Amino acid sequence: MDSSHIEPDSHKRFHGLDALRAMAMLLGIVLHAALPYMDGIPPEIWPQDKDSSDVIGLIFMFIHVWRMPVFFMLAGFFANLVVTTRSWQAWWQGRLVRIGIPILVFSPIMSLTIPWVFLYGSTREPDFLFSWEGQPYHLWFLWHLIIFVFWISIFKLISRYVLGVFFLTNKIGGSNPRSYVFHLRRIARFVCTTLFQITFTSRFPLILIVLCLVINFPTNGELIINPFASFVYFVFGYSLYRQ
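Just so we're clear, the structure is a prediction, and the values are computed from it rather than from any experiment.

(A) Seen up close, the packing of aromatic side chains. All chains considered together, the criterion is met by 19 aromatic pairs. Judged by centre distance (5.1 Å) and plane angle (20°), the ring pair of Trp151 and Phe228 falls under stacked. In this pair, Trp151 is assigned in helix 6 (residues 140-174) and Phe228 in helix 9 (residues 227-240), connecting sequence segments 77 residues apart. Linked through ring pairs, Phe72, Trp88, Trp91, Trp92, Trp140, Phe141, Phe148, Trp151, Phe228, Phe231, Phe234 and Tyr238 together constitute an aromatic cluster.

(B) The packing of helix 1 (residues 15-34) against helix 2 (residues 54-64), seen in detail. One can describe the packing of helix 1 onto helix 2 by two numbers: an axis separation of 9 Å at closest approach and a directional angle of 140°. On the basis of the axis angle, helix 1 is oblique to helix 2. As for the relative orientation of helix 1 and helix 2, their crossing is left-handed in sense. Of the residues in helix 2, those in contact with Leu27, Val30, Leu31 and Ala34 of helix 1 are Ile56, Ile59, Phe60, Ile63 and His64.

(C) Spatial organisation of unusual backbone geometry. The phi angle at Asn220 is positive, at roughly 55°, despite the residue not being glycine. For Asn220, the location among the structural elements is in the loop between helix 8 (206-216) and helix 9.

(D) Local environment of a nonpolar patch on the surface. A cluster of nonpolar residues, Val97, Ile101, Leu104, Val105, Phe106 and Ile109, forms a patch on the protein surface that exposes about 560 Å² of accessible area. The greatest single-element share of the nonpolar patch, amounting to five residues, is contributed by helix 5 (residues 100-123). By the secondary structure assignment, Ile101 is in helix 5. For Ile101, a relative accessible area of 45% puts it in the partly exposed group.

(E) Looking closely at helix 8. The complete set of buried residues in helix 8 reads Leu208, Cys212 and Asn216. Buried residues of helix 8, seen end-on, are gathered within an arc of 55° and therefore sit on one face of the element. Structural note: helix 8 exposes Leu206, Leu213 and Val214 on the side pointing more than 90 degrees away from its buried face.

(F) Local environment of helix 3 (residues 67-85). Across its 19 residues, helix 3 extends 27 Å between first and last C-alpha, which sits within 8% of the 27 Å expected from 1.5 Å per residue. Among the 19 residues in helix 3, 14 count as buried, and that is most of the element.

(G) Examining the side chain of Ser111 more closely. With respect to the secondary-structure elements, Ser111 resides in helix 5. Owing to a relative accessible area of 0%, Ser111 belongs among the buried residues under this scheme.

(H) Representation of the nonpolar core. In this structure, Phe72, Trp91 and Leu223 are the most contacted members of the largest nonpolar core, which totals 37 residues. For this core, the secondary-structure elements that each account for two or more residues are helix 1, helix 2, helix 3, helix 5, helix 6, helix 8 and helix 9. Among the elements that line this core, the one with the most residues is helix 6, at seven residues. Trp91 has contacts with Ala79, Val82, Val83, Val149, Ile152 and Phe234, leaving out every residue within four places of it along the chain.

(I) Quick look at the confidence of the model for the chain. Mean pLDDT over the chain stands at 80; residues scoring 70 or higher make up 82%. Here helix 7 (residues 180-201) stands out as the least confident element of the chain, with mean pLDDT 69; helix 3 is the most confident, with 92. Contacts from residues 1-7, a stretch scored under 50 in pLDDT, to residues over four places away or in other chains number one contact.

(J) Main features of the pattern of salt bridges. Per the stated rule, a full pass over the model turns up one salt bridge. A salt bridge links Asp18 to Arg21; the nearest nitrogen and oxygen atoms lie 3.2 Å apart. With Asp18 and Arg21 both in helix 1, this residue pair falls three residues apart, about one helical turn. Residue class for Arg21 comes out partly exposed when judged on its relative accessible area of 30%.

Calculation notes
Residues numbered from 1 in each chain as written. Predicted model: local features only at pLDDT ≥ 70, side-chain atom pairs only at ≥ 80, totals over all residues. Heavy atoms only, no water. Phe/Tyr/Trp six-rings, centres within 6.5 Å; stacked < 30°, edge-to-face > 60°. Helix = DSSP H or I, 4+ residues; strand = E, 2+ residues; numbered from the N terminus. Axes fitted to C-alpha atoms, helices over the stretch in contact; angles between N-to-C directions. Parallel < 35°, antiparallel > 145°, perpendicular 65-115°, else oblique. Left-handed = near helix turned anticlockwise from the far one by under 90°. Contact = heavy atoms within 4.5 Å. Patch = residues over 30% accessible without salt bridge, like charges linked within 9 Å, V, L, I, M, F, W, Y side chains within 5 Å. Areas by Shrake-Rupley, 256 points an atom, 1.4 Å probe, with all protein chains shown as cover. Salt bridge = Lys/Arg side-chain N within 4 Å of Asp/Glu carboxyl O. Buried < 20%, exposed > 50% of the residue type's maximum accessible area, 1.4 Å probe, protein only. Arc of directions from axis to C-beta. Expected span 1.5 Å × (residues − 1). Core = buried A, V, L, I, M, F, W, Y, C linked by side-chain atoms within 4.5 Å. pLDDT = per-residue confidence, 0-100.

Here it is as structure tokens:
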């Protein structure tokens, strides 16, 4: 049997990637536990202890520099898995349910618990309060994933119109090898395919590295306020599936 016609196994588990995701989640506990013992963290962001440690700061930076990019790359990888084995619609519906519902349920809970916990950590005064200030708190990565769903939906919608234009060009000579429209279509397809391959599937992804550096520069690598950088990691992870 021709291996190129073998359908992907929708039930296959990538145990190594599952373990990587679990390890990154567990390291999140270490990451947040280190914050009170680091210099330069504003008290309004995280309650501070009177003692600090440079070693803890180094451990924090080591984890912080790769942990969330890995999460978004894994999200992109498994998004391609779902799209390939099922459909785009299945991925969209799954994301809206598995991400949208937790956001709706846990956003009010976070607003009810985190403000007074932080206040107690700073003042030792128990004062229960509800506040939306500081949202989305620790759910920011879920919001990024929802944003990706809308971005991709818009892209797919635009691509349908572009395909419609290509279909119309077939009627005005687009399928004729001597037509200029035919050559324009071939050039556009070649340029888009080449740019994607050079950026995301090259063994030496220098353009991807430069892109990550440039897009992370305005926020000093902080993804929480930079969904565009998160999306680059997501697309890179998407390109890794079936390579």
